[in-house]
Structures are given as C-alpha cells and as structure tokens.
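# Commentary on secondary and tertiary structure
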Amino acid sequence: MSACATACVVADDDLIELYERAPCGYLSVTPDGVIIRANLTFGRWSGYTVGELLGRRFSSLLALGSQLFYETRCLPVLLLAGELREVLLVLERPAQDALPILVNVDVVPDERARPRLMRIAVFDASARQDYEGELLGARLAAERSEAQVRVHQQATVSLGAGRTVAGVAAALSAIVRSASDAASATVMLVNDAGLLLDAVTPVSAPSPEVVPIDAQRPEAEAFRRGETITVSSLSDMERRYPAMADAVHRARLEAMMVTPLLDDESCLGVVVSLYGRRRTFPPEQIEMHIGLARQGAQALRLVRLQLQLRHMALHDQLTGLANRELLSSQLAESIRSAESSGRPMSLVFLDLDGFKSINDQLGHAAGDSVLVEVAQRIRSVVREDNLIARFGGDEFVVLCHDCDRRDAEQLSGRIGAAIRQPLAGIRDDLRVTASIGVACLAGRRGANGDDLLHAADGAMYRSKATGTDRTTIIDA
Amino acid sequence: MLSTDRNTAQRRNNVNEIGVPNGRPILFAHGFGCSQEMWRHVTPDFDDHRVVMFDHVGAGGSDLSAYDRAKYDSLHGYADDVLEIVNELDLRDVAYVGHSVGAMIGVLAATRAPSRFSDLVLVGPSPRYLNDGGYVGGFDQADIDRLLSSLDENYLGWSSVMGPVIMGNPHRPELSAELTESFCRTDPAIARHFAAVTFLSDNRRDLPHVVTPTLVIQCSDDAIAPLSVGTFVHQQITDSELVVLNATGHCPNLSAPAELSAVLRSRLERS
C-alpha cells in the first residue's frame, strides 16, 4: 500500500469521524421534511438514537410553538429562497429540557431544479438564547412600559382639550380604542333614564341607545357594581348574557370590556370596548382601562363644573333666569340679526307693583318666593326661544325675536294677566301686578342695546306713573 | 385623482393579475408567514383564467402604512379588504382559493357577500388552532406563546437589535431588515400581531353560515391543520367536499404544486 493510499484512508475515516462527531448536528431530509440521515451529534442532542430519527419529520422534533413557526414562516422562505440562515428553534427532547438550536438549511436541487433533498446544520444555541432572551425581555418590557406611559400622556392631552361633555366622551372613546386595538369603543353616561349611548360615537356597537340600570347587560352590571366586567368570547356571552349573544355575533364582535367611569365621588357611567375576536384580557390591560376611565371621569367632572360655573356666571341664582350680562350679549346679537334679516324685535321691560310691601311685611324669604313664582309665570306665557332675564330686584326683561308691535302687545297682555293672579300663601291684601314698558324695533338701523333698554325702561315708568298694572308700547 | 381613488384596494394590497382579463376570476389568498409568492408555482397553471393575487396588509408589497391595529385585530378586517378588492375589480362568480388563515378570511368574506363567490377552496384551513374542551385544534395557549416568542427572537430580537450591530451600520437598520428576508417580506411587529390574530381567533361559528360551494383541501400529514380539523370544517359547511392530498406538510402550494393544481383544476372544471 502506497503512502498516499494510507493517508487517503485515514482522511476518509477522519471525514466520517468529523461528520458523525462534529460540534454541530447534521441532517439530510426529503423535500417533505422527512429525516433520511443524521449524525451522532444530532442524535445525542435530540435524545434519540439515529435509527429512531430516520423516517421522522424534522419539524415533529420541535416544540409545538416552534413547529408552528417553522412550518408557517420558515418553510415557505426556504422553499422559495433555497436556503435558510440562523433560525432560532426549540428542540423538544424526551426526558430532558428543551434545547434552543440555531439552524441553517440548504435545498439541494435535482437536474430539473426541483428540490431533491435538504441539508440542515444544527448549532447548540443555549448560551446565545440566554443572552438574547435577557436582551429581548428587557427590551419588550421597556417598550411595554413606554407604551403605557404614552397612552396616559395622550389621554391627559386629549381629555384636557375637551370643552364639552360630548368632546371629552369622544376623546375617551378614541383613546380607549387605539390603546386596546378595539373594534369600537363607546362612552355611556348615566342619567335618570339609564346609561345613554353618547351621541357622537358611531353606532357599530350592539348597545341600544339607552340601557336601563337594572338591565341584564354588562354595561349595567359594571355600573351597578362599580367594577370592570369582561366578556371573553361568544360562549361566555351566551352563558352570562344570553339575550345579547346573537346581536353581538351579527355585529361581527366576540368580546367586550366595560369599565365604570369612577372618580372619587361617584360613577358617571361606563366606557365600553368591543373586540372582533375572542380573547383573555390580561390584568395589565384591565388596569389600563381602569386608569383611562378614571382620567376620563375626572375630565368629565371638570367639564361639567366649568359648564356649571359658566351657567352660574350668566344666570340669576334665585330664579334661574338670565342675568344682565347674558341679556346684554344676547340683546346685541338679536339687534344684529334683526338688522340683517329685516325682521322686527321687541324688548319687554317690567317692574312689579306692590312687591316692596310683601318684602317689608312678610320678610325677604316670602319676597324671594314671589320672585321665583313670577319668573315661573313669565316662562309659562312666553315663547321658548324668548330670553327672560332678571334685570334687578323686582325688574324683569323679555327679549323677543321676530316680534312686532301687535305681537308685543299680546305678549305683554299675557304677562300682565299671569302676574295679576293671586299668589298662593300670600295675604289677599298684598297683591302683585306688573307695570310694563315695551320698545319695538322695526326696520331702523344703528340701534344699540343700551338705547333699547333705556327706551323700554322709560315706557315702563310711564305705565307706573299712569296707574300701574298696564303696558306702554313705544317704537324705538 | 379619480383613477387613484378607484385603485385604493389594489395599491394597498399589491394586487397583481395574470391570465386572460375576461376569463373566469380566481382570487388567490396567502396565509400567515408569507405573501402572494406562496402561489408562484400554482398560478401559471391557471393562465386561461383571470388570476388575481394580492398581499394581506403587512405582507409582501402591501402598503404598510395602511396597517390599523384595531382594524386588523380580527380576521374581519382582512375579509373587508378581500371584499374591497372584489368590488374594485368588479369580480363576479369568483373562485376564492385561500391557504391556511387565508382560507378562514375567505369564509368570512363569502358569508358577508355570498353573491360574489361561486367557489370557496380552503387549503389547510383551521377555524380554531387552540384545543377547546372536546375540540382538538392541535395547540395550547403555551404553544402560541412559544410561537410569538419565536417571532420575537428571530425578527424583533435578531434582525432589529443584533442585525444593525453585525452589519456595522446601526444608523440604517433597514439594510439589515432587507437582508434577513428576500422572500415573504413582512414587518416584524405586524407579523407578531398577525400571528396572534391568526392563531388565537375562533371562527368555528362562522362555518355553518357558508352557503358557497366549498372544497376543503388537506395534506396527509399536516401538523398545523391536522386531518381532524379539515374533517370538522367539511362537516360544518353543508355544501362541501374534502380532498386529502398525498402531499405532506402545511404548504402544498410550494411542496406539491402539481398535485394541488390538478385537484383545483378538476374542481373548477366541474363547477
């Protein structure tokens, strides 16, 4: 035997040894993925003998989740590109911990360029897996908390920008929808009738416009209990809220979460989010909705308070009528619109006769109740779009659009008659009537509110001076 | 302006056509993990039809900016896109061929607008991947979690964090993203969401509502959609037929295109 031949035999043995005991696993598999050859290293790693491996599908050795990834994502890429590089998979092993592996695959084509077989190289990736797992875990955790902070910051900005109840409700729905990938989100606020679907939300939701508080529905239950209610699937819905399941399925929805709008004082309603796919709601999502609902409830209360303050600033506390400030802005507006439309308008000014005696003899409380009663009587005889203001102590003004001299005359007749009626609980000798002055504006330009008020006031004085309980009308 | 408005769905879903424009329309839909490239070995066999292919939003050449997480949080969002494509191209009597989750998307589209579809062909469908009481979907929640971390490790982890470092080009992460995959391109974050939607959805209730004649095609050894699941789909759809291929695995459109084409063609010639 020549030296060369000896060396070559040694080299062949060495090659076989290298294949079998290389520091990585080698596999040959059919295009269908069936193992036809495996080296000893892979056998050792997999926990099977090489004989047991032959005839098995490579993917069947993987942990199920990894198998899912390999079959749906890796195989298509492999079959299209002809190779796969550095894919992290998990090898499931009998009676041993699973082994993270890094895999390279080449497709070997036949003479007609169809896959003949596939060669797989497998590397032990435990060390890399640990290191990367930590990196990835840290990164995902950072991303999650960053996303949460972002949601609450956005909520602060968009809820704070709401100037009306509807505006805040719309902002809250939008933020809940986008933060939770909900198919739709709606805010329902409570009033005497029940929980009301807010008017600005498009009704893709299977909620009726009003849900009575005692209804067998998750919206009502969350409100009654002041707790978040989750319905995770249609079967869950059928079990707990059977009457709703069909409508929910027809609306192509499967799951819902209802969070009460609680602030420190009370429950203002609920926010409902609906999902097109069943799910289990993770605790952090439930927490997020509770946080957003709390922010929303506080914003709603703030807006209501602002509206209330605004109302108080423009209305008389005792009678609830407009005050001077609101009257003067509305008066200016009415004059402008009368001038541009050419329609007549009238200003009715009235001062009570006999009110001072009631105040003096029966006290201020009785006087106040008379003022409240008078306000109510005026309300009952004027058109709804007329503005009634309490001008001062016992002086009232009615601003009437689209009202000419004849209309004004009839109107003041009705007001005078209403006020003249006896007052319940007040002695008969203490009667109250009204001295009325009306200023009518028809066709003249350049009038201003003060002039008009002054003219009506002057007309009222003439009624007072000529015997009280009567009306004087002048053209202003 | 009008012409671009008319092509909204086509641009969004990267619609491509081959074959004869006035032929019978076949709409091919891919599943999770790839793109319309999945059909490249099958579609040439149908060039006597009007073959329409598209990418789901998030995959292949679709418009990634159209990805609205709330819309695509259920398969309904994808089914709406299918119907928009059908409307925009004014397709009638469509034979819809959907692979994997593309099959269930077709079920939802066809139950919503049955008049548009003449045939539903479901390749490796599964209405529910998770085991549920007596129902065997093949997987448990832990397996799906494992799949999601596989995606994270292989795409979010490797290509976005490590890729740029290894490329020596941390300021241009898109370079490495292109490198990782030249086929079945997908955005990693979208792929993760699509995986969750695909494997956690439950569309068993939708099957009995299918009125379109349906062919269920099943591989003989498919770990993703086992025969019992294919049989369930067949039982739940009244007007349906089940064909089991000799091919194994989950992707006969790539691994056994000739066998799949033959079954498909014989069905279309009969209907």
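We now turn to the structure provided with this report.

How each quantity is defined
- Residues numbered from 1 in each chain as written.
- Chains lettered and ligands numbered in written order.
- Predicted model: local features only at pLDDT ≥ 70, side-chain atom pairs only at ≥ 80, totals over all residues.
- Helix = DSSP H or I, 4+ residues; strand = E, 2+ residues; numbered from the N terminus.
- Rg over C-alpha atoms; globule rule 2.2 N^0.38 Å.
- Buried ≥ 20, exposed ≤ 12 C-beta atoms within 10 Å, placed from the backbone.
- Pairing = 2+ DSSP bridges.
- Right-handed = clockwise from strand over helix to strand, strands pointing away.
- Contact = placed C-beta atoms within 7 Å.
- Axes fitted to C-alpha atoms, helices over the stretch in contact; angles between N-to-C directions.
- Core = buried A, V, L, I, M, F, W, Y, C linked by C-beta atoms within 7 Å.
- Nonpolar A, V, L, I, M, F, W, Y, C, P; charged D, E, K, R; others polar.
- Left-handed = near helix turned anticlockwise from the far one by under 90°.

What chain A contains, in helices and strands, is 15 helices and 16 strands. Taken against the 2.2 N^0.38 rule, which gives 23 Å for 476 residues, the C-alpha radius of gyration of chain A at 41 Å runs more than 25% over that of a compact globule. With the C-alpha coordinates aligned to their principal axes, the bounding extent of chain A is approximately 150 × 45 × 40 Å. Taken over 476 residues, chain A has a buried fraction of 38%.

Two faces belong to every sheet, and in a regular strand the side chains alternate between them. All names here are of chain B. With respect to burial, strand S6 (residues 214-218) is a largely interior element, 5 of its 5 residues being buried. In S6, alternate side chains face the same way, and those of Thr 214, Val 216 and Gln 218 on one face and Leu 215 and Ile 217 on the other are all buried. Both strand S5 (residues 117-123) and S6 contribute to a ladder of 4 bridges, which runs parallel. Each residue of the ladder has a partner; that of Val 121, found in S6, is Leu 215. Regarding the hand of the β-α-β motif, the stretch spanning S6, helix H8 (residues 227-236) and strand S7 (residues 240-244) is right-handed.

Quick look at the sheet that holds strand S9 (residues 229-231) of chain A now. Residue and element names in this part refer to chain A. Across the sheet, which stays open at both edges, the 6 strands sit in the order S8-S7-S6-S11-S10-S9 with antiparallel pairing between neighbours. Single-partner strands in this sheet number two, and they are strand S8 (210-211) and S9. Across 4 bridges, the pairing between strand S6 (residues 184-191) and strand S7 (residues 194-197) is antiparallel. Each bridged residue has a counterpart across the sheet, and for Asn 191 the counterpart in S7 is Gly 194. Set on the sheet, helix H7 (residues 218-225) makes contact with S6, S7, S8, S9, strand S10 (255-262) and strand S11 (267-275); between it and S10 the angle comes to about 35°.

Okay, the pairing of S7 of chain A next. Residue and element names in this part refer to chain A. In this structure, the hairpin formed by S6 and S7 is closed by a connection of 2 residues. The sheet contact formed by S7 and S8 spans 2 bridges and is antiparallel. Residue pairing across strands places Leu 196 opposite Val 210, the latter belonging to S8.

What follows concerns the nonpolar core. In this structure, Leu 89 of chain A together with Tyr 96, Val 97, Ile 105, Val 121 and Ile 217 of chain B are the most contacted members of the largest nonpolar core, which totals 105 residues. Among all residues touching Leu 89 of chain A, those that are not within four sequence positions of it are Leu 62, Ser 66, Tyr 70, Ile 101 and Val 103 of chain A. In this structure, Ala 183, Val 270, Val 272 and Ala 297 of chain A belong to the second largest nonpolar core, which totals 47 residues.

Let us look at the interface of chain A and chain B. The interface is formed by 43 residues belonging to chain A together with 42 residues belonging to chain B. Broken down by secondary-structure element, the contributors of at least two residues to the side of chain A that touches chain B are helix H4 (64-81), strand S3 (83-91), helix H5 (126-160) and helix H6 (165-180) of chain A. Along the lines of polarity and charge, the residues of the side of chain A that touches chain B split into 21 nonpolar, 11 polar and 11 charged.

Two numbers describe a pair of packed helices, the interaxial angle and the distance between the axes. Residue and element names in this part refer to chain B. Between helix H3 (residues 75-88) and helix H4 (residues 101-112), whose axes approach to 8 Å, the crossing angle comes to 65°. With respect to the hand of their crossing, H3 and H4 are arranged in right-handed fashion. Side by side, H3 and H4 meet where Leu 75, His 76, Tyr 78, Ala 79, Val 82 and Leu 83 of the first sit next to Met 104, Ile 105, Gly 106, Leu 108, Ala 109 and Arg 112 of the second.

With that settled, the discussion passes to the environment of Arg 279 of chain A. Within the secondary structure layout, Arg 279 of chain A lies in the loop between S11 and helix H10 (283-314). A tally of 21 C-beta atoms within 10 Å means that Arg 279 of chain A is categorised as buried. Taking the C-alpha atoms as reference points, Arg 279 of chain A and Ser 232 of chain A, 47 residues apart in sequence, are found 5.4 Å from one another. Contacts of Arg 279 of chain A, omitting those with residues within four sequence positions, involve Ser 232 and Ala 255 of chain A together with Leu 200 of chain B.

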